[in-house]
Amino acid sequence: MFAKTVLDSGIRVLSHELANTRSVSLGIWVENGSRHEARDQNGISHFIEHLLFKGTERRTAARIAEEMDAVGGVLNAFTGKEYTCYYAKVLDENLPMAIDLLTDIFRHSVFDREEIERERSVILQEISQAEDTPDDYVHDLFNLDFFKDHPLGRPI
């Protein structure tokens, strides 16, 4: 059975316990994806998603990766048209560390100028790769034509 808790801040927490399962998956789902972007900001949600892993006030990008790797966990994110999700998967005993790490990148990322420039080239490579993959690219072309001038028509 799923449980929904609404914190005083308005944050919704959904949880579900699976008996005999030692792993934990948690995520921060932000109701902001590419459909919420103005034309001149197209791609900013995806760009910010990448930048959140580049360092915080307390951790470098390397330390973020090392902390999760040290426990065999997963830390990642994805951006869609409707939302962006930042998530972690760990053993139950590492849940406090995963919560600390995930909230740190979400609330205290530093957006270093050098990292912004470096990540810009990563995003440009992703765009080129998508355009070189016909079975993915056809969906972008379809959306551009079907939704015309609407934000849902623009690529993520």
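Scroll up to find the structure.
Reading the values: rules and limits
Residues numbered from 1 in each chain as written. Predicted model: local features only at pLDDT ≥ 70, side-chain atom pairs only at ≥ 80, totals over all residues. Heavy atoms only, no water. Helix = DSSP H or I, 4+ residues; strand = E, 2+ residues; numbered from the N terminus. Buried < 20%, exposed > 50% of the residue type's maximum accessible area, 1.4 Å probe, protein only. Contact = heavy atoms within 4.5 Å. Areas by Shrake-Rupley, 256 points an atom, 1.4 Å probe, with all protein chains shown as cover. Lys, Arg positive; Asp, Glu negative; His and termini not counted. Charge placed at Lys NZ, Arg CZ, Asp CG, Glu CD. Arc of directions from axis to C-beta. Axes fitted to C-alpha atoms, helices over the stretch in contact; angles between N-to-C directions. Parallel < 35°, antiparallel > 145°, perpendicular 65-115°, else oblique. Left-handed = near helix turned anticlockwise from the far one by under 90°. Salt bridge = Lys/Arg side-chain N within 4 Å of Asp/Glu carboxyl O. Pairing = 2+ DSSP bridges.

Draft legend 1. View of the overall build of the protein. Counting its secondary structure elements, the protein contains five helices and five strands. Shown N-terminal to C-terminal, the secondary structure of the protein runs as helices and strands in the order β-β-β-α-α-β-β-α-α-α. Here the C-alpha coordinates of the protein stretch approximately 45 × 40 × 35 Å along the principal axes. Taking all 156 residues of the protein together, the buried fraction comes to 31%. Partitioning the contacts of the protein with sequence separation of at least 6, the portion at a separation of at least 24 is 66%. For the protein, the computed accessible surface area is about 10,600 Å², with 55% contributed by carbon and sulfur atoms. Between the mean site of the 17 positive side-chain charges and the mean site of the 28 negative ones, the protein shows a separation of 4 Å.

Draft legend 2. Expanded view of helix α2 (residues 61-70). Of the residues making up α2, those classed as buried are I64, E67 and M68. In a view along the axis of α2, the buried residues occupy a sector of 90 degrees, so they form one face of it. The exposed set on the far side of α2, more than 90 degrees from its buried face, consists of E66, D69 and A70. Contacts from the buried residues of α2 go to β4 (74-79), β5 (84-91) and α3 (95-108). Just beyond α2, the residue with positive phi is G72, at close to 70 degrees.

Draft legend 3. Structural detail: the packing of helix α1 (residues 44-51) against helix α4 (residues 113-131). Contact pair α1 / α4: the axes reach a minimum separation of 10 Å and the direction vectors enclose 125 degrees. Taken together, α1 and α4 sit at an angle that is classed as oblique. α4 is crossed by α1, and the crossing has right-handed handedness. Across the interface between the two elements, H46, F47, H50 and L51 from α1 touch E115, I116, E119, R120, V122, I123 and E126 from α4.

Draft legend 4. The arrangement of the pattern of salt bridges in detail. For the structure on display, the rule yields 14 salt bridges. In this structure, E119 engages K54 in a salt bridge whose closest nitrogen and oxygen atoms are separated by 3.1 Å. Residue E119 is found in helix α4, and its partner K54 is found in the loop between α1 and α2; the two are separated by 65 residues along the sequence. Overall, the relative accessible area of 4% leaves E119 in the buried class. The exposure class assigned to K54 is partly exposed, which follows from its relative accessible area of 28%. When the shortest N-O distance is used, the salt bridge between D145 and K148 registers 2.9 Å. Through salt bridges with shared partners, a single ionic network connects R58, R59, R63, E67, D100 and D104.

Draft legend 5. Spotlight on the pairing of β4. Burial along β4 is one-sided: the face carrying L75, A77 and T79 is buried and the face carrying V74, N76 and F78 is not. Note that β4 and β5 share six bridges and pair antiparallel. Considered in β5, the bridge of L75 is made with A88. Turn length for the β4-β5 hairpin, with the two strands adjacent in sequence and antiparallel, is four residues.

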